[in-house]
Amino acid sequence: MGKLLKVQLKQNIKTLLLVWLIPLILASGFMILNRFIDNPITEFGIGLSVFLMFIGVGISQIIVIYKDYERFFGKEAGFYESLPISSSNIIWSRFFQYLIMIAILFLILVFDLFIIRLADGYLSMNELKEGFEMTKYVFGKIPGKYVPGIIISFVIYVVFTIYEIIFSINVGSIKSLKSMGFFGPIVIFIAVNVVRTLIFILILINIEHIIGYDAYFLSRFSPQSPEEFFMVTKNFFIIVAFIQLVFSIIFGFVSKHIQEKKLSI
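So, how was this worked out
- Residues numbered from 1 in each chain as written.
- Predicted model: local features only at pLDDT ≥ 70, side-chain atom pairs only at ≥ 80, totals over all residues.
- Heavy atoms only, no water.
- Phe/Tyr/Trp six-rings, centres within 6.5 Å; stacked < 30°, edge-to-face > 60°.
- Helix = DSSP H or I, 4+ residues; strand = E, 2+ residues; numbered from the N terminus.
- Buried < 20%, exposed > 50% of the residue type's maximum accessible area, 1.4 Å probe, protein only.
- Core = buried A, V, L, I, M, F, W, Y, C linked by side-chain atoms within 4.5 Å.
- Contact = heavy atoms within 4.5 Å.
- Expected span 1.5 Å × (residues − 1).
- Bend = angle between axes of the 7 residues up to and from the residue.
- pLDDT = per-residue confidence, 0-100.
- Salt bridge = Lys/Arg side-chain N within 4 Å of Asp/Glu carboxyl O.

1. Description of the packing of aromatic side chains
For step 1, the next point in the chain: In total, this model carries 11 aromatic pairs according to the counting rule given.
For step 2, the next point in the chain: When the ring of Tyr-66 is compared with that of Phe-182, the centres are 5.0 Å apart and the planes differ by 85 degrees; the resulting orientation is edge-to-face. In this pair, Tyr-66 sits in helix H2 (residues 40-73) while Phe-182 sits in the loop between helix H6 (147-171) and helix H7 (183-211), placing the two residues 116 residues apart along the sequence.
For step 3, the next point in the chain: Of the residues examined, Tyr-66 reaches a relative accessible area of 36% and is grouped as partly exposed.
For step 4, the next point in the chain: Centroid distance Trp-92 to Phe-96: 5.9 Å. Interplanar angle 25 degrees. Geometry classified as stacked. With Trp-92 and Phe-96 both in helix H4 (residues 87-120), this residue pair falls 4 residues apart, about one helical turn.
For step 5, the next point in the chain: Following the ring pairs from residue to residue traces out a cluster consisting of Trp-92, Phe-95, Phe-96 and Tyr-163.

2. Considerations on the nonpolar core
For step 1, the next point in the chain: Membership of the largest hydrophobic core comes to 33 residues, with the highest contact counts inside it found for Tyr-98 and Ile-166.
For step 2, the next point in the chain: When residues of this core are traced back to their parent elements, those giving at least two are helix H1 (2-34), H2, H4, H6, H7 and helix H8 (226-264).
For step 3, the next point in the chain: With 9 residues, the top contributor of residues to this core is H6.
For step 4, the next point in the chain: When near neighbours in sequence (up to four residues on either side) are disregarded, Tyr-98 contacts Val-64, Ile-65, Asp-68, Ile-162, Ile-165, Ile-166 and Ile-169.
For step 5, the next point in the chain: Core analysis: the next-biggest nonpolar cluster, separate from the first, contains 8 residues, Leu-24, Met-31, Ile-46 and Val-50 among them.

3. A closer look at H2
For step 1, the next point in the chain: Over its 34 residues, H2 runs 47 Å from end to end, which matches the ideal 50 Å to within 8%, given 1.5 Å per residue.
For step 2, the next point in the chain: Of all the bends in H2, the greatest, near 25 degrees, is centred on Val-57.

4. Some details on the environment of Val-187
For step 1, the next point in the chain: Secondary-structure assignment places Val-187 in helix H7.
For step 2, the next point in the chain: For the pair Val-187 and Leu-177, spaced 10 residues apart in the sequence, the C-alpha separation amounts to 9.6 Å.

5. What to know about the confidence of the model for the protein chain
For step 1, the next point in the chain: Looking at the protein chain as a whole, the pLDDT averages 80, with 77% of positions reaching at least 70.
For step 2, the next point in the chain: The least confident element of the protein chain is helix H5 (residues 125-140), whose mean pLDDT is 63; the most confident is H6, at 90.
For step 3, the next point in the chain: Scored below 50 in pLDDT, residues 214-221 shows 18 contacts in the model against residues more than four places distant or in partner chains.

6. A few points about the pattern of salt bridges
For step 1, the next point in the chain: Scanning all chains against the criterion turns up 4 salt bridges.
For step 2, the next point in the chain: The partner of Glu-260 in a salt bridge is Lys-256, and the shortest N-O contact between them spans 3.2 Å. A residue pair is termed a helical-turn pair when its members lie 3 or 4 positions apart in one helix, as Glu-260 and Lys-256 do in helix H8 at 4 residues.
For step 3, the next point in the chain: In this structure Lys-256 comes out as partly exposed when scored by relative accessible area, which is 28%.

Next comes the structure, spelled out in structure tokens:
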């Protein structure tokens, strides 16, 4: 599994390197130039390159998903099917590929913001310190007993999102949808999100019966005390996290079954 994961990450980074670097270099260059030559052309160049830079991060996610589809259900599937690796290891490898790429894309976004501020000439140690202090202040407003739950909910959400993508690719590539190509996974992804949204709407409508509050749930998002607010939202997110966890397990098993069936053909 480790070797397969290494190959996937290497291909992703090789493909995305120019998507990350070209807009960043252009944005930094225009910002430096604008410090000496302030005119509409340099300002337009800054705006366009910064826009492309942030769009590039979003496009990178789509490219990673498309590359994953191509490896196991597209043009490259023949090579990956010949590898002596089980369906379980393939699913785990794909899962960790997405997880690592999410972390890399987050770091790229932070790095881009840092370089832009540096190139713009406004970055200072005091500004960095103020940023950390502000972040600390915001998180400090959250009662300590709720922090573990927030972290667990976030982890479950990430796991759910990754398995949702893998599930959409695998189910969208079965024989009956194969003729649709990459649009098959897109259709499944949309359908899953529609079902998920309907479930969450039903939860919101019936939340007072589920968690035992007399008042309608949405009206309690402006409670009298912060403690009451965190209590209500905590119960809601516990239910959401539980549903996401159940869906993640289902997505994982279905994806593994489809992957195994494809390898046995």
